[in-house]
Amino acid sequence: MESQHSFIVDKQRNKLTFLAPVTFQSRPFKSVLHSKIFIITILDQLLIFLGFVVVLFVVMPPKRKRNVNGETAAAATETNGTRRSTRKTGDSDTVKSSSTGTSRMEIDDSDGEMNEPTKTSTKQPPAKKTKTGGTSKKKKDEQNGTTKGSATVSAPQPATSFNELDPKTYTLPRLQSLFAQYADADDPNVIGTEGLMKLFEDAEISMEGALPFLFAWAVRAENFGTFTKAEWEKLGSMRIDTLAKLKLSLLDLESVMFDQPKREPKVDEYDRHLYRTWAMKPKDAFNNFYHFCFGLAKKSEARVLEMEMATAIWTVVLVPKYKIMQSLLEFIAEHPKYKAVNKDLWTMMLEFCNAMQNTENMNTSEDESWPSMLDEFMEWKKVQPAA
């Protein structure tokens with residue numbers, strides 16, 4: 001029984017084994033079939049979606065952009081010959097319209113239709129509009145003189161007034177530019193004799209009197225007749241950057257040194273703090289100026305000043321201030337033995353002029369000691385006839 005049962009079991013297994021391809025393999029087949037159908041359905045949906053996309057973005061043309069006037073960009077630019085107007089000459093072209101009202105015909109090649117002839121008005125046509133709907137920017141620029149990339153000259157701007165005597169307008173670059181205008185061609189850092197003469201001529205300053213020496217003293221020049229850029233820029237402390245201000249400052253200084261009438265402007269044309277300092281102590285200012293002239297005029301290595309140069313300076317510095325100096329110069333001219341002036345004689349000359357300023361008596365006290373030239377002058381003066 002057991003073996004038969006086993007046989008039956010084996011037979012059942014064989015049967016089952018035989019039926020397995022039909023019974024048990026049918027279920028996977030159906031699953032696979034359903035899966036394929038599902039995949040095909042998905043692919044169909046994708047193809048439909050892709051077809052919709054192709055129709056939307058490829059087949060259908062995009063909408064044309066419109067400008068402000070509502071015209072399409074293609075129509076506005078009229079590119080690729082989409083819209084051409086021809087003018088008939090004779091029998092085939094459009095008759096050119098004129099101000100007298102002749103007919104004008106336009107042929108549109110894009111739609112093949114001929115427009116009706118229109119009569120032009122004698123009135124001036126409106127201004128041509130740009131793509132933005134406004135008046136032609138180029139014409140506006142031409143009217144305003146601001147056309148880019150052309151030779152249109154800008155409209156002249158009104159010139160701003162410049163007051164050369166306004167202290168508020170002082171600038172160091174203007175002072176430096178004024179120096180460069182008169183600087184030597186060989187050395188741009190120096191104003192030489194020619195440049196100084198041209199400067200005084202342009203400023204209408206006399207070269208005959210003491211003004212050139214006063215100018216040198218004001219900037220503390222080291223050499224007579226030449227001025228360095230550093231010396232020139234000392235004028236900036238007085239806010240002087242024009243020839244007009246320079247002239248006024250020298251005239252004010254001259255009035256202090258030589259007891260001339262002084263002006264009192266309502267508004268200072270330049271910084272006059274140095275002028276007021278000198279005006280408070282004019283005698284000290286003149287003494288300083290006088291002694292400065294000796295070092296300015298003599299050669300740097302020399303200890304004495306040539307008599308010719310000394311008399312030239314005395315003529316413009318001492319003669320206007322002291323009457324006795326004119327007689328002393330006459331004495332020097334008659335006695336050519338005096339060739340030079342040392343520092344002691346230069347100093348004593350000013351003291352002598354101050355001592356003789358208020359007297360015509362050439363007698364001096366025994367306590368006073370003067371250089372030999374001045375003693376001889378007093379003896380010479382006593383025998384001279386009275387003027």
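On a predicted model such as this, the values are computed, not experimentally measured, just so you know.

### Here's the deal with the overall build of the protein chain
- Scanning the protein chain from N- to C-terminus turns up 15 helices and six strands.
- Across the 387 residues of the protein chain, 27% fall into the buried class.
- Partitioning the contacts of the protein chain with sequence separation of at least 6, the portion at a separation of at least 24 is 56%.
- Accessible area for the protein chain stands at about 27300 Å²; split by element, carbon and sulfur atoms hold 55% of it.

### Thoughts on the confidence of the model for the protein chain
- Summary statistics for the protein chain give a mean pLDDT of 74 and a share of 60% for residues scoring 70 or more.
- In this model residues 1-27 is a low-confidence stretch, pLDDT under 50, and it forms four contacts with partners more than four residues away in sequence or in other chains.
- Contacts for the low-pLDDT stretch residues 65-123, under 50 throughout, to residues beyond four places or in other chains number 63 contacts.

### With respect to the nonpolar core
- With 77 residues, the main nonpolar core has Phe215, Phe286, Trp314, Leu318, Trp346 and Met373 as its most contacted residues.
- Ranked by residue count, the leading element in this core is helix H11 (residues 282-297), at nine residues.

### A short note on the packing of H11 against helix H12 (residues 307-317)
- Direction vectors running N to C along H11 and H12 enclose 155 degrees, while the axes themselves pass 11 Å from each other. In terms of orientation, H11 and H12 fall into the roughly antiparallel class. The handedness of the crossing between H11 and H12 comes out as right-handed. Listed contacts from H12 to Phe286, Phe289, Tyr290, Cys293 and Ala297 of H11 are Met309, Ile313, Trp314 and Val317.
- Among the residues forming the contact of H11 with H12, the class breakdown is nine nonpolar, no polar and no charged.

### Here's the deal with the side chain of Ser249
- Residue placement: Ser249 occurs in helix H9 (residues 243-257).
- A polar contact of 2.7 Å, which involves the side chain of Ser249, links it to the backbone oxygen of Leu246.
- When near neighbours in sequence (up to four residues on either side) are disregarded, Ser249 contacts Ile240 and Tyr270.

### Details of the packing of aromatic side chains
- The tally for this structure, following the rule as stated, stands at 18 aromatic pairs.
- A centroid spacing of 6.2 Å and a plane angle of 90 degrees characterise the contact between Phe215 and Trp232, whose relative ring orientation is edge-to-face. Here Phe215 is found in helix H7 (residues 211-219), whereas its partner Trp232 is found in helix H8 (residues 229-232), with 17 residues between them in sequence.
- Put simply, the rings of Phe331, Tyr338, Phe352, Trp370, Phe377 and Trp380 pair up and form one aromatic cluster.
- One cation-aromatic arrangement involves Lys321 over Phe286; the distance from NZ or CZ to the ring centre is 4.8 Å.

### Side note on the side chain of Thr311
- Take Thr311: it is sitting in helix H12.
- With residues near it in sequence (within four places) discarded, Thr311 still touches Leu329 and Ile332.

### Some points on the pattern of salt bridges
- Scanning the entire structure with this criterion turns up twelve salt bridges.
- Between Lys245 and Asp241 there is a salt bridge, with the nearest N and O atoms lying 3.1 Å from each other. The same class applies to Lys245 and to Asp241, which are both buried.
- Across the pair Glu379 and Lys382 runs a salt bridge, and its minimum N-O distance is 3.8 Å. Here Lys382 and Glu379 lie together in helix H15 (residues 372-382), a separation of three residues that amounts to about one turn.
- Classification of Lys382 as partly exposed rests on a relative accessible area of 43%.
- Salt bridges sharing partners connect three or more residues here, namely Asp252, Arg263, Asp268, Glu269, Arg272 and Arg276.

### As for H9
- Over its 15 residues, H9 runs 21 Å from end to end, which matches the ideal 21 Å to within 8%, given 1.5 Å per residue.
- Of the positions making up H9, those classed as buried are Leu243, Lys245, Leu246, Leu248, Ser249, Leu250, Asp252, Leu253, Glu254, Ser255, Val256 and Met257.
- Close packing links the buried residues of H9 with helix H5 (172-182), helix H6 (193-202), H7, helix H10 (273-280) and H11.
- Phi turns positive, to about 55 degrees, at Asp259, one or two residues after H9.

### Digging into helix H14 (residues 343-355)
- Here H14 is 13 residues long and its end C-alpha atoms lie 19 Å apart, about the 18 Å a rise of 1.5 Å per residue gives.
- Of the positions making up H14, those classed as buried are Leu345, Trp346, Met348, Met349, Leu350, Phe352 and Cys353.
- Residues of H14 that are buried make contact with H11, strand E5 (304-306), H12, helix H13 (324-334), strand E6 (340-342) and H15.

### A short note on the packing of H7 against H9
- At their nearest, the axes of H7 and H9 sit 10 Å apart, and the two run at 100 degrees to each other. The pairing of H7 with H9 is recorded here as roughly perpendicular in orientation. Contact with H7, carried on its side by Leu211, Leu214, Phe215 and Trp217, involves Leu246, Leu250, Leu251, Leu253, Glu254 and Met257 of H9 and no other residues of that element.
- Of the residues that constitute the contact of H7 with H9, the class distribution is nine nonpolar, no polar and one charged.

### Considerations on a nonpolar patch on the surface
- Taken together, the side chains of Phe38, Ile39, Ile42, Leu43 and Leu46 present a nonpolar region at the surface, about 480 Å² in accessible area.
- Judged by relative accessible area, Ile39 falls into the partly exposed class, the value being 47%.

### What to know about unusual backbone geometry
- Phi at Glu204 takes a positive value of approximately 60 degrees, unusual for a residue other than glycine.
- Within the fold, Glu204 resides in the loop between H6 and H7.
- Glu204 gets classed as exposed once you look at its relative accessible area, which sits at 61%.
- The phi dihedral of Arg239 falls on the positive side, at around 55 degrees, and the residue is not glycine.

What counts, and at which threshold
Residues numbered from 1 in each chain as written. Predicted model: local features only at pLDDT ≥ 70, side-chain atom pairs only at ≥ 80, totals over all residues. Heavy atoms only, no water. Helix = DSSP H or I, 4+ residues; strand = E, 2+ residues; numbered from the N terminus. Buried < 20%, exposed > 50% of the residue type's maximum accessible area, 1.4 Å probe, protein only. Contact = heavy atoms within 4.5 Å. Areas by Shrake-Rupley, 256 points an atom, 1.4 Å probe, with all protein chains shown as cover. pLDDT = per-residue confidence, 0-100. Core = buried A, V, L, I, M, F, W, Y, C linked by side-chain atoms within 4.5 Å. Axes fitted to C-alpha atoms, helices over the stretch in contact; angles between N-to-C directions. Parallel < 35°, antiparallel > 145°, perpendicular 65-115°, else oblique. Left-handed = near helix turned anticlockwise from the far one by under 90°. Nonpolar A, V, L, I, M, F, W, Y, C, P; charged D, E, K, R; others polar. Polar contact = N/O pair within 3.5 Å; in protein donor to acceptor, adjacent residues only side chain to side chain. Phe/Tyr/Trp six-rings, centres within 6.5 Å; stacked < 30°, edge-to-face > 60°. Lys NZ or Arg CZ within 6 Å of the ring centre and 35° of its normal. Salt bridge = Lys/Arg side-chain N within 4 Å of Asp/Glu carboxyl O. Expected span 1.5 Å × (residues − 1). Patch = residues over 30% accessible without salt bridge, like charges linked within 9 Å, V, L, I, M, F, W, Y side chains within 5 Å.

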